[in-house]
Amino acid sequence: MIGGYDLRVDLRIDLRVDPRPPPSRHAMTPRSFLLTPELGDYVRSRSEPLDDVAADLVAETAAMADRGEVSPTYQIAPEQGVFMQLLTRALGVRHAVEIGTFTGLSALCVARGLPADGSLLCLDDSEKWTAIARRYWARAGVADRIEVRLGDAHESLRALPAEPTFDLAFVDADKTGYADYVDQLHPRMADNGLVLLDNTLREGRVLAPETDDDRAIAELNRALAADPRWETVLLPVSDGLTVLRRR
C-alpha cells in the first residue's frame, strides 16, 4: 500500500556489500540501499539529528517491522525526513499534500517545516497506521496543521478542486498508481510547486524490473524525463527521490 521494496532484496544487498550486521539497534530501520551500514550511520551522524519525538516514532515503527507486522521499507529513512523538513521550510511552503502517510514520519517532518498557519493534507487508507501518526503529531505540537482523509487516495485527490493549491506534494503510495497521482497533482500545484516521488529506484530494479511495481516506476521515470509539464530530477536519496517542478 505505502512505500515498499522487497525485504529479501535489501538483505541480499547488505550481505553482499558488507557481511557484518548493521550497527543500528533496529536492523529494520530504513536506509539507502546505495550505502553500506557504516556510510548510512555516517550520513545520519553528519545531518541534523532527530529529536525525541521523531526518534521515538522511528523506533516504534522499526519495532513493528522487527515483529513482522509491516514492511521495513514503508517508513522513509530518517535523513530523508530531515531533508524534507529543511526543504519545506526553505521553500516557504504553506500548503502541502501527502499521498501515503503510514505511521507519519514524513508528515511530521513536513508539518514542522510549515509556518504556524500552514496546512498539510494527508491521504491514506489505514486508520490503524494513521492513529499511530496522530499520537506523534500531537506530541510534536503540529496536529492542528494536519488533516487526514481516509479512503482511496486516487478518489480523494480527484475530489479536490482542480486549481493551484499546493506548494509541495509527497507521494509514497501504490507504485502502479504513481502516474495517475502525478497527472492529478499537476493542476493542483501552485506555480513552481514541487512534487516528491519516493522509491523511484526500486532498490535498483528499475534497470531490470521484476514486478508490476518495478515496471510502473521504470516507465514513469522514462516518461517524466520527457514530460514538458515538469522539470524533473531523480536524486539517489534513500531508494530514489524524484523531484518535479511544475513548469
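Above this text sits the structure in question.
Residues numbered from 1 in each chain as written. Predicted model: local features only at pLDDT ≥ 70, side-chain atom pairs only at ≥ 80, totals over all residues. Heavy atoms only, no water.

**Topic: the overall build of the chain**
Thought 1: Check the secondary structure of the chain and you find nine helices and seven strands.
Thought 2: Expressed as a percentage of the 247 residues in the chain, the buried residues total 53%.
Thought 3: The contacts in the chain between residues at least 6 apart in sequence include a share of 71% that link residues at least 24 apart.
Thought 4: As displayed, the chain offers around 11,100 Å² of accessible surface, 54% of which is attributable to carbon and sulfur atoms. (Helix = DSSP H or I, 4+ residues; strand = E, 2+ residues; numbered from the N terminus. Buried < 20%, exposed > 50% of the residue type's maximum accessible area, 1.4 Å probe, protein only. Contact = heavy atoms within 4.5 Å. Areas by Shrake-Rupley, 256 points an atom, 1.4 Å probe, with all protein chains shown as cover.)

**Let's talk about the environment of Ser 119**
Thought 1: Note that Ser 119 resides in strand S2 (residues 119-124).
Thought 2: Take Ser 119: its relative accessible area is 28%, and that puts it in the partly exposed class.
Thought 3: Each C-alpha atom of the pair Ser 119 and Ala 96 lies 6.3 Å from the other, and the pair is 23 residues apart in sequence.
Thought 4: In this structure Ser 119 touches Arg 94, His 95, Ala 96, Leu 114 and Arg 145, once residues within four positions along its chain are discounted.

**Points about the pattern of salt bridges**
Thought 1: Tallying each qualifying case throughout the model produces 16 salt bridges.
Thought 2: Its salt-bridge partner being Lys 175, residue Asp 172 comes within 3.1 Å of it at the nearest N-O pair. Per residue, the accessibility class of Asp 172 equals that of Lys 175, and both read buried. (Salt bridge = Lys/Arg side-chain N within 4 Å of Asp/Glu carboxyl O.)

**Some thoughts on the nonpolar core**
Thought 1: Of all hydrophobic cores here, the largest spans 37 residues; its most connected members are Leu 120, Trp 137, Ile 146 and Leu 196.
Thought 2: Once residues lying within four places of it in the same chain are set aside, the contact partners of Leu 196 are Met 84, Leu 87, Leu 168, Ala 169, Phe 170, Val 171, Leu 241, Thr 242 and Val 243.
Thought 3: The next biggest cluster of nonpolar side chains, apart from the first, holds 27 residues, and it includes Leu 157, Tyr 178, Tyr 181 and Leu 185. (Core = buried A, V, L, I, M, F, W, Y, C linked by side-chain atoms within 4.5 Å.)

**Considering the pairing of strand S7 (residues 241-246)**
Thought 1: Of all six residues that make up S7, five are buried, and the element is covered over most of its length.
Thought 2: Pairing analysis gives five bridges linking strand S5 (residues 189-198) to S7, with the strands arranged antiparallel. Each bridged residue has a counterpart across the sheet, and for Leu 197 the counterpart in S7 is Thr 242.
Thought 3: In terms of strand pairing, strand S6 (residues 230-235) meets S7 through six bridges, oriented antiparallel. Bridge assignment links Thr 232 to a residue of S7, and that residue is Leu 244.
Thought 4: Where S6 folds back on S7, the antiparallel hairpin that results is connected by five residues, among which Ser 238 adopts a positive phi of roughly 55 degrees. (Pairing = 2+ DSSP bridges.)

**What about helix H8 (residues 178-185)?**
Thought 1: For H8, the tally of buried residues reaches six of eight residues, placing the bulk of the element in the interior.
Thought 2: Every buried residue of H8 is listed here: Tyr 178, Asp 180, Tyr 181, Val 182, Gln 184 and Leu 185.

**Comments concerning the packing of helix H3 (residues 52-66) against helix H6 (residues 127-140)**
When two helices pack together, you describe them by how their axes are tilted relative to each other and by the distance separating the axes.
Thought 1: Viewed as axis vectors pointing N to C, H3 and H6 meet at an angle of 160 degrees, and their least axial separation amounts to 9 Å. Relative to H6, the element H3 lies roughly antiparallel. Crossing handedness for the pair H3 and H6: right-handed. Here Asp 52, Val 53, Asp 56, Leu 57, Glu 60 and Met 64 of H3 lie close against H6, whose contacting residues are Trp 129, Ile 132, Arg 135, Tyr 136, Arg 139 and Ala 140. (Axes fitted to C-alpha atoms, helices over the stretch in contact; angles between N-to-C directions. Parallel < 35°, antiparallel > 145°, perpendicular 65-115°, else oblique. Left-handed = near helix turned anticlockwise from the far one by under 90°.)

**What about empty space enclosed by the protein?**
Thought 1: Overall, the coordinates contain four cavities of 30 Å³ or more when judged by the stated rule.
Thought 2: A volume near 70 Å³ is recorded for the largest cavity.
Thought 3: Lining the largest cavity are 13 residues; nearest its centre among them are Tyr 74, Ile 76, Thr 101, Phe 102 and Ser 106.
Thought 4: Of the residues that constitute the lining of the largest cavity, the class distribution is six nonpolar, six polar and one charged. (1 Å grid on protein atoms, 1.4 Å probe; cavity = no way out; pocket = protein on both sides within 12 Å on 5 of 7 lines; lining within 4 Å. Points joined across faces, edges and corners; volume = space filled by probe spheres on them. Nonpolar A, V, L, I, M, F, W, Y, C, P; charged D, E, K, R; others polar.)

**Some points on the side chain of Thr 242**
Thought 1: Considering the arrangement of structural elements, one finds Thr 242 in strand S7.
Thought 2: Thr 242 sits in the buried class, given a relative accessible area of 1%.
Thought 3: Among the polar contacts listed, one links the side chain of Thr 242 to the side chain of Thr 200, at a separation of 3.0 Å.
Thought 4: Sequence-distant contacts of Thr 242, that is, excluding residues within four places in its chain, are made with Val 195, Leu 196, Leu 197, Thr 200, Asn 221, Leu 224, Thr 232, Val 233 and Leu 234. (Polar contact = N/O pair within 3.5 Å; in protein donor to acceptor, adjacent residues only side chain to side chain.)

**Focus on the packing of H3 against helix H5 (residues 105-113)**
Thought 1: Put simply, H3 and H5 touch, their axes get as near as 10 Å, and they point 165 degrees apart. Viewed along their axes, H3 and H5 adopt a mutual orientation that is roughly antiparallel. In the packing of H3 onto H5, the handedness of the crossing is left-handed. Along the contact surface, H3 presents Val 53, Ala 54, Leu 57 and Val 58, while H5 presents Leu 105, Leu 108 and Arg 112.
Thought 2: Its residues assigned to classes, the contact of H3 with H5 comprises six nonpolar, no polar and one charged.

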